[in-house]
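# Observations on the model geometry
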Amino acid sequence: MSTAGTGTTLLINLTRFGDLLQSQPLIDEIHHKGNRVHLLCLENFSSALPLLRHVEQAWPLPGARFMADMDKNWRTAVSNLLDITRTIRKQSCPNCVINLTTTLPARLLAGLLCEDITRIRGFCLDREGFGRNNGIWASFLNGTTASRLSAPFNIVDMFRMLGNPDSSGDTAHLPRFRLAPPLPKAMVKADTLLANAPAGTRGYVCMQLGASETRRQWPAHSFATVGDRLWQELRLCPVLLGSTAEAPLARAYMASTHAPCIDTIGKTDLESLAALLIRSRLLITNDTGTMHLAAGLGVTCLAIFLATAQPCDTGPYLPDCCCLEPALSCHPCQFNTPCTNNLECVSYIRPQVVSELALTRLTRSTWDTACLTSIENEARIWLTDQDAQGFAFVRRLTALPPDDRSLWLLHQRIFWRQLLDTMNGHSYPTHTHCEQVRPMVTAYSDAFVERMVTALTQASHLFALLTEQGHLIGKSAMVGQLFLRNCDRVQNVLDDCPELRSLGGFWRELRHERGDRIDDLLAITDLLEQHIGNWRNLFKNGT
């Protein structure tokens, strides 16, 4: 189904504040193709709506109230939800629904808003009520992103490709993340807050002290040390950002600082927060929605990624931002896994590292001239960029040889783009693949190469067997049993190799989606055998 035309696309995004903002490039692309954009989001994040461009109409869903009503009288709650969906269908009349949210309630809503599942992109339910992923990128997103070793794409690009797969070959219209500027009254409020700066202030650096989890928060006293140095050397006044719930972090900052700052925590709405960011020269932050807001406003970020956070998939969608990870072998940790190292990552990156990078960027307009030899042993430093195909990526800013994990994330980008673009009917230039991957393979450790060759050889052999056996299904009951057994065997091979679990998740999704369409499934097994075989040869022979 093409996205071109003058119809209405209803976008469902029932995720967090930052993810809602990161829908903007997809909204831009839908609008660019001549379609109207309507939006369904959660009511508690509806304050972001004035900053989203090209959204003609929006419906904030009262999710919290609906869940409370379910506890009181579920029949009334369901009746109210049906009333909401009828209103949206009547007012929007969408010819296409794009659901970016994988949860069961969001899938159910997509079906209530569009009975024809062929006109739904992303995540929905089939006619029997089972989860269905419409589109290759939906299958990729649903099956792969739980693994921290398997997240080579920024979530913005995954949203773009899930909702608008035709854009894969459109390099003439490279995506940008541009939010609407805050209104003048918001700028006035920001300027009023900044008027509290001390005499001699030459500018502002915003600091977001909080994060979605405590273990993803860099210590407040470390922020304070950086703020002190920015004031002492450049007379840049730190501006503390956050909600009322983050007031204890502000108090911890104040207890540690020896320089002035402006505490705006709990004093801003979303638009005045945006205005403060526009007035600042830099945002120093954890991985937060504020970081994505800054990126959408074109404000450079210096972001710190701890625990499960990593810049390759949730970093700022803006070139020339700097992202830091602790240089620990355990980072990033897996989701829903307790830390076995006493949260060592939280305080592993010293304030001196962040200060050095911030001062370099503020005084020289570049990150590259920072004293890397004093930094690279405790932090992996990444710069955000955009590739020739319009996808965001991060590149290492370091003199040290790249580690296996860093190489693997870059390598996977090329493999997955080749595979997913092929499935979408596009092409990814093979010369680019060869030029980029060969140097990577020679830089891997011998142990990594040996492990990959073993797993890829087994997987390639099993996919070849599946293709062969699949063509014989129906001629012998034993062949059908062997086929199912080998489906499980290849699943086990992929799941048992940490670096291939993303491929295992993708294969699991495809098996479920196409298990009743043997010809479609065999086309997939044949394609996977070819790609995995090429990948194995590259690791084994460098060709």
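Definitions and cut-offs
- Residues numbered from 1 in each chain as written.
- Predicted model: local features only at pLDDT ≥ 70, side-chain atom pairs only at ≥ 80, totals over all residues.
- Heavy atoms only, no water.
- Core = buried A, V, L, I, M, F, W, Y, C linked by side-chain atoms within 4.5 Å.
- Buried < 20%, exposed > 50% of the residue type's maximum accessible area, 1.4 Å probe, protein only.
- Helix = DSSP H or I, 4+ residues; strand = E, 2+ residues; numbered from the N terminus.
- Contact = heavy atoms within 4.5 Å.
- Pairing = 2+ DSSP bridges.
- Phe/Tyr/Trp six-rings, centres within 6.5 Å; stacked < 30°, edge-to-face > 60°.
- Lys NZ or Arg CZ within 6 Å of the ring centre and 35° of its normal.
- Axes fitted to C-alpha atoms, helices over the stretch in contact; angles between N-to-C directions.
- Patch = residues over 30% accessible without salt bridge, like charges linked within 9 Å, V, L, I, M, F, W, Y side chains within 5 Å.
- Areas by Shrake-Rupley, 256 points an atom, 1.4 Å probe, with all protein chains shown as cover.
- Salt bridge = Lys/Arg side-chain N within 4 Å of Asp/Glu carboxyl O.
- Parallel < 35°, antiparallel > 145°, perpendicular 65-115°, else oblique.
- Nonpolar A, V, L, I, M, F, W, Y, C, P; charged D, E, K, R; others polar.

## Let's talk about the nonpolar core
If you look at the biggest cluster of nonpolar residues, it comprises 112 residues, and the most contacted ones within it are Leu 293, Trp 507 and Phe 539. When residues in this core are grouped by element, the largest group, 10 residues, is from helix H17 (residues 446–470). Each residue touching Trp 507, except ones within four places of it in the same chain, is listed here: Phe 463, Leu 466, Cys 487, Val 490, Gln 491, Leu 494, Leu 521, Ile 524, Thr 525 and Leu 528. Among the nonpolar cores identified, the runner-up in size contains 39 residues, and Leu 282, Leu 328, Ile 349 and Leu 397 belong to it.

## A few points about the side chain of Thr 101
Of note, Thr 101 is situated in the loop between strand E4 (96–99) and helix H5 (104–113). Beyond its immediate stretch of four places on either side in the chain, Thr 101 contacts Ile 12, Asn 13, Leu 14, Thr 15, Ala 106 and Phe 123.

## Notes on the sheet that holds strand E13 (residues 379–386)
In space, the eight strands of this open sheet follow the order E9-E8-E7-E10-E11-E12-E13-E14, with mixed pairing throughout. Each having just a single partner strand, strand E9 (262–263) and strand E14 (392–396) make up the two edges of the open sheet. Where strand E12 (residues 322–326) and E13 come together, five bridges link them in antiparallel fashion. Bridge pairing in E13 places Cys 322 opposite Leu 383.

## Structural notes on the packing of aromatic side chains
As enumerated under the stated definition, the model contains 18 aromatic pairs in all. Pairing Phe 140 with Trp 416 gives two aromatic rings, centres 4.8 Å apart and planes at 65°, and the pair type is edge-to-face. Of this pair, Phe 140 sits in helix H6 (residues 136–144) while Trp 416 is found in helix H15 (residues 404–423), placing the two residues 276 residues apart along the sequence. For Phe 140, a relative accessible area of 1% corresponds to the buried category. For the ring pair Trp 218 and Phe 223, a centre distance of 5.1 Å and an interplane angle of 75° mean the geometry is edge-to-face. Taken individually, Trp 218 and Phe 223 each receive the classification buried, so the pair is uniform in this respect. Here the aromatic cluster, defined as three or more aromatic residues joined through ring pairs, consists of Trp 137, Phe 140, Phe 153, Phe 391, Trp 408, Phe 415, Trp 416, Tyr 444, Phe 448, Phe 506, Trp 535 and Phe 539. For Arg 396, the ring lying beneath its charged end belongs to Trp 382, and the centroid distance is 5.4 Å. The ring of Phe 391 has Arg 417 lying over it, and the distance from NZ or CZ to the ring centre is 3.9 Å.

## So, the pairing of strand E1 (residues 8–13)
Taken across its six residues, E1 has six buried, putting it largely inside the fold. The alternating pattern of E1 places Thr 8, Leu 10 and Ile 12 and Thr 9, Leu 11 and Asn 13 on opposite faces, both of which are buried. In this structure, E1 lies alongside strand E2 (residues 36–42), joined through six bridges in parallel fashion. Counted as the bridge partner of Leu 11 is Leu 39 from E2. In this sheet, E4 lies alongside E1 in parallel orientation, the contact comprising four bridges. Looking at the pairing, Leu 10 lines up with Val 97 of E4.

## Some details on unusual backbone geometry
Note that the residue after His 331, namely Pro 332, is joined by a cis bond; omega there is 0°. Inspection of the secondary structure puts Pro 332 in the loop between E12 and helix H14 (351–364). Even without a glycine there, the phi angle at Ala 307 is positive, about 55°. In the Ramachandran plot, Asn 336 falls in the positive-phi region, its phi being about 55° despite a non-glycine side chain. By the element assignment, Asn 336 lies in the loop between E12 and H14.

## What to know about the sheet that holds E2
Pairing is mixed in the open sheet, where six strands are placed in the order E3-E2-E1-E4-E5-E6. Where the open sheet ends on each side, the last strands, each with one partner, are strand E3 (57–61) and strand E6 (131–134). Averaged over all pairs of adjacent strands, the angle between their axes in this sheet comes to 25°, without regard to strand direction. Each of E1, E2 and E3 is contacted by helix H4 (residues 74–92), which is oriented at about 175° to E3, the strand it contacts most. In this fold helix H7 (residues 155–163) packs onto E1, E4 and strand E5 (120–125), with an angle of close to 90° to the strand it touches most, E5.

## With respect to the pairing of strand E11 (residues 301–304)
Burial of the side chains of E11 extends over both faces: Cys 301 and Ala 303 are buried on one face and Leu 302 and Ile 304 on the other. Bridge count for strand E10 (residues 282–286) against E11 is four bridges, and the pairing is parallel. Each residue of the ladder has a partner; that of Ile 284, found in E11, is Leu 302. The pairing of E11 with E12 spans three bridges and is classified as parallel.

## Details of a nonpolar patch on the surface
Among the surface-exposed residues, Met 67, Met 70, Trp 74 and Val 78 lie close enough to one another that they form a single nonpolar patch of about 370 Å² accessible area. Those elements giving two or more residues to the nonpolar patch turn out to be helix H3 (63–72) and H4. With respect to the secondary-structure elements, Trp 74 resides in helix H4. Under the relative-accessibility criterion, Trp 74 is labelled partly exposed at 47%.

## With respect to the packing of H6 against H15
Look at H6 against H15: their axes get within 9 Å of each other, and the N-to-C directions meet at 140°. The pairing of H6 with H15 is recorded here as oblique in orientation. In contact with Ile 136, Trp 137, Phe 140 and Thr 144 of H6, H15 contributes Trp 416, Arg 417, Leu 420 and Met 423. The residue makeup of the contact of H6 with H15, split by class, is six nonpolar, one polar and one charged.

## Some details on the packing of H3 against H4
Taken N-terminus to C-terminus, the directions of H3 and H4 make an angle of 145°; their axes are 6 Å apart at the nearest point. Contacts between H3 and H4 involve Phe 66, Asp 69, Met 70 and Lys 72 from the first element and Trp 74, Ala 77, Val 78, Asn 80 and Leu 81 from the second. Along the lines of polarity and charge, the residues of the contact of H3 with H4 split into six nonpolar, one polar and two charged.

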